[in-house]
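# Structural description and commentary
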Amino acid sequence: MTGLGAVFRPQLPPERLRAVVRLADASGLEELWLWEDCFREGGISAAAAALAWSDRVRVGVGLLPVPLRNVAITAMEVATLDRLFPGRAILGVGHGVQDWMGQVGARVESPVTLLREHLDALRALLRGERLTTDGRYVKLDDVALDWPPAGPVEILAGATGPRTLRLSGAAADGTILTSSTPPDGVRRARQLIDEGRESAGRTEPHKVVVYLLTATGPDAAARLRAELADEGVESVPDLGVAGDAGTVAKAVQRLAEAGADTVILQPTGDEPDPEGFVRFAAEEVRALVP
């Protein structure tokens with residue numbers, strides 16, 4: 001079965017999160033995803049609150065920008081979330097938007113090197129290992145978590161370009177693809193991810209999560225066109241979907257057939273009814289997605 005979720009976009013104020021989380025939990029939504037976009041809402045703090053306000057929905061953070069975070073802090077926070085809410089937190093890391101990283105003085109010369117070092121160290125610490133490493137960016141001296149996760153924790157990586165997609169296959173447990181990825185892009189991404197997995201000798205499953213820009217309601221098509229234009233991708237075919245549950249479910253299925261394991265419906269930034277959008281995903285679209 002294809003996984004299905006929805007995004008709480010950080011264009012909404014943090015105080016709106018509680019109502020959306022409670023509705024997601026009650027409606028049967030599988031996954032609610034949050035973003036750590038500069039300079040809006042913190043990913044870990046929002047995820048902790050969302051997990052505490054709910055009983056069953058899984059909460060994803062897609063993604064934590066690694067230039068902003070010492071890997072030891074990332075490991076401590078991920079481990080704490082997993083021990084408090086076992087198996088319910090889904091964490092992704094990535095380069096972050098480079099202009100934003102430059103604004104805060106965190107932009108690095110080689111984002112791919114930093115992400116590789118961060119992933120390797122993070123996954124080792126979460127396995128309970130004691131680590132000493134002297135990389136280009138990640139430097140740890142005899143570091144281990146006092147409270148590592150009780151079991152395995154998957155770490156996903158956000159990726160777009162070929163080098164990062166191969167890196168994700170080699171060094172992460174899954175990959176997050178943006179809403180600017182059409183079905184053909186998912187197929188290409190899967191190929192590059194698999195190249196990375198093969199180079200690293202990895203044979204375990206690798207989860208691919210894809211955001212799908214989605215609009216529903218009487219003005220859905222106009223809102224979708226406006227957002228694609230704002231993002232400068234209006235000329236890319238097969239991006240986003242506007243329409244009723246049946247139309248959205250078909251778009252989800254196209255991404256699944258291209259290689260997505262989970263599709264996360266991403267409302268437009270001006271979605272007028274975030275709670276209604278979650279209900280639409282959980283109660284209408286879910287029933288139509290095999």
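Report on the accompanying structure. All values reported here derive from a predicted model rather than from experimental measurement. (Residues numbered from 1 in each chain as written. Predicted model: local features only at pLDDT ≥ 70, side-chain atom pairs only at ≥ 80, totals over all residues. Heavy atoms only, no water.)

### Some words on the layout of surface pockets
Which entries qualify depends on this criterion: Lining residues are those with an atom within 4 Å of a point, where the points come from a 1 Å grid over the protein atoms alone and group into cavities, where a 1.4 Å probe fits but cannot get out, or pockets, open sets with protein on both sides within 12 Å along at least five of seven lines. Grid points are joined across faces, edges and corners, and a volume is the space filled by probe spheres set on the points. Under the scheme used here, helices are H or I runs from DSSP no shorter than 4 residues and strands are E runs no shorter than 2 residues, and both carry numbers assigned from the N terminus. Asp, Glu, Lys and Arg are counted as charged, while Ala, Val, Leu, Ile, Met, Phe, Trp, Tyr, Cys and Pro are counted as nonpolar; the rest, among them Gly, fall into the polar class.
Within this model, the largest pocket holds a volume of roughly 910 Å³. What lines the largest pocket is a set of 36 residues, and nearest its centre among them are Trp-35, Asp-37, Val-97, Trp-100 and Thr-178. At the level of elements, strand S3 (58-65), helix H4 (98-103), strand S8 (174-177), strand S9 (207-215) and helix H8 (220-230) are the ones that each hand at least two residues to the lining of the largest pocket. Among the elements that take part in the lining of the largest pocket, S3 stands out by supplying 3 residues, more than any other. Split into classes, the residues belonging to the lining of the largest pocket amount to 15 nonpolar, 15 polar and 6 charged.

### Observations regarding the packing of helix H3 (residues 71-84) against helix H5 (residues 111-126)
The condition is simple: Geometry is summarised by axes, namely lines fitted to C-alpha atoms with helices restricted to the contacting stretch, and by angles between N-to-C directions that run from 0 to 180 degrees. Roughly parallel covers angles under 35 degrees, roughly antiparallel covers those over 145, roughly perpendicular covers 65 to 115, and oblique covers all other angles. Less than a right angle of anticlockwise turn of the near helix away from the far helix marks a crossing as left-handed, whereas a clockwise turn marks it as right-handed. When checking whether two residues touch, look at their non-hydrogen atoms; a contact exists if any pair is within 4.5 Å.
Interhelical geometry of H3 versus H5 gives an angle of 40° and a closest axis separation of 9 Å. Classified by the angle their axes make, H3 and H5 are oblique. In this structure, H3 crosses over H5, and the sense of that crossing is right-handed. Contact residues: Val-71, Ala-72, Thr-74, Ala-75, Val-78 and Ala-79 in H3; His-118, Ala-121, Leu-122, Leu-125 and Leu-126 in H5. For the contact of H3 with H5, the per-class residue count stands at 9 nonpolar, 2 polar and no charged.

### With respect to the pattern of salt bridges
The following threshold applies: We define a salt bridge as a side-chain nitrogen of Lys or Arg found within 4 Å of a carboxyl oxygen belonging to Asp or Glu. A 1.4 Å probe rolled over the protein chains alone gives each residue an accessible area, and that area as a share of the maximum for its type sets the label: buried under 20%, exposed over 50%, partly exposed in between.
For the coordinates displayed, the defined rule picks out 24 salt bridges. Its salt-bridge partner being Asp-142, residue Arg-130 comes within 3.5 Å of it at the nearest N-O pair. Highlighted residues: Arg-130 in the loop between H5 and strand S5 (131-134) and Asp-142 in strand S6 (residues 139-143), separated in sequence by 12 residues. The exposed category is assigned to Arg-130, whose relative accessible area is 56%. Judged by relative accessible area, Asp-142 falls into the partly exposed class, the value being 45%.

### As for the nonpolar core
In plain terms, the rule: Nonpolar cores were defined as sets of buried Ala, Val, Leu, Ile, Met, Phe, Trp, Tyr and Cys residues, with membership established by side-chain atoms within 4.5 Å.
Core analysis: the largest hydrophobic core is formed by 80 residues, its most contacted members being Leu-126, Ile-155, Leu-265 and Val-285. Residue contributions to this core peak at 9 residues, all from H5. For Leu-265, the residues in contact, after removing those within four places along its chain, are Leu-4, Gly-5, Ala-6, Val-7, Leu-212, Thr-214, Val-248, Val-252, Phe-277, Ala-281 and Val-285. Residues Val-7, Trp-33, Ile-176 and Val-209 belong to the second largest nonpolar core, which totals 9 residues.

### Side note on a nonpolar patch on the surface
Inclusion rule: Residues qualify for a patch when their relative accessible area is over 30% and they have no salt bridge, like charges being joined within 9 Å and the nonpolar side chains of Val, Leu, Ile, Met, Phe, Trp and Tyr within 5 Å. Surface exposure here means Shrake-Rupley accessible area, sampled with a 1.4 Å probe, where a residue is shielded only by the protein chains that are shown.
Taken together, Phe-39, Leu-68 and Val-104 make up a surface patch of nonpolar side chains, about 270 Å² in accessible area. Structurally, Leu-68 is set in the loop between S3 and H3.

### Concerning the packing of aromatic side chains
Working definition: an aromatic ring pair is given by the centre-to-centre distance plus the angle between the planes. Formally: Working definition: a ring pair exists when centres of Phe, Tyr or Trp rings (six-membered ring for Trp) sit within 6.5 Å. Plane angles under 30 degrees give stacked, over 60 give edge-to-face, the rest tilted.
If you walk through the whole model with that rule in mind, you get 3 aromatic pairs. Ring geometry for Trp-33 against Tyr-211: centres 6.2 Å apart, planes inclined by 90°, an arrangement best described as edge-to-face. Pair noted here: Trp-33 is in strand S2 (residues 31-34) and Tyr-211 is in strand S9, with a separation of 178 residues, a long-range link. Look at Trp-33 and you get buried, because its relative accessible area is 0%. A centroid spacing of 6.4 Å and a plane angle of 45° characterise the contact between Phe-277 and Phe-280, whose relative ring orientation is tilted. With a gap of 3 residues between them, Phe-277 and Phe-280 both fall in helix H10 (residues 274-285), about one helical turn apart. An aromatic cluster of at least three residues, connected via ring pairs, comprises Trp-33, Trp-35 and Tyr-211.

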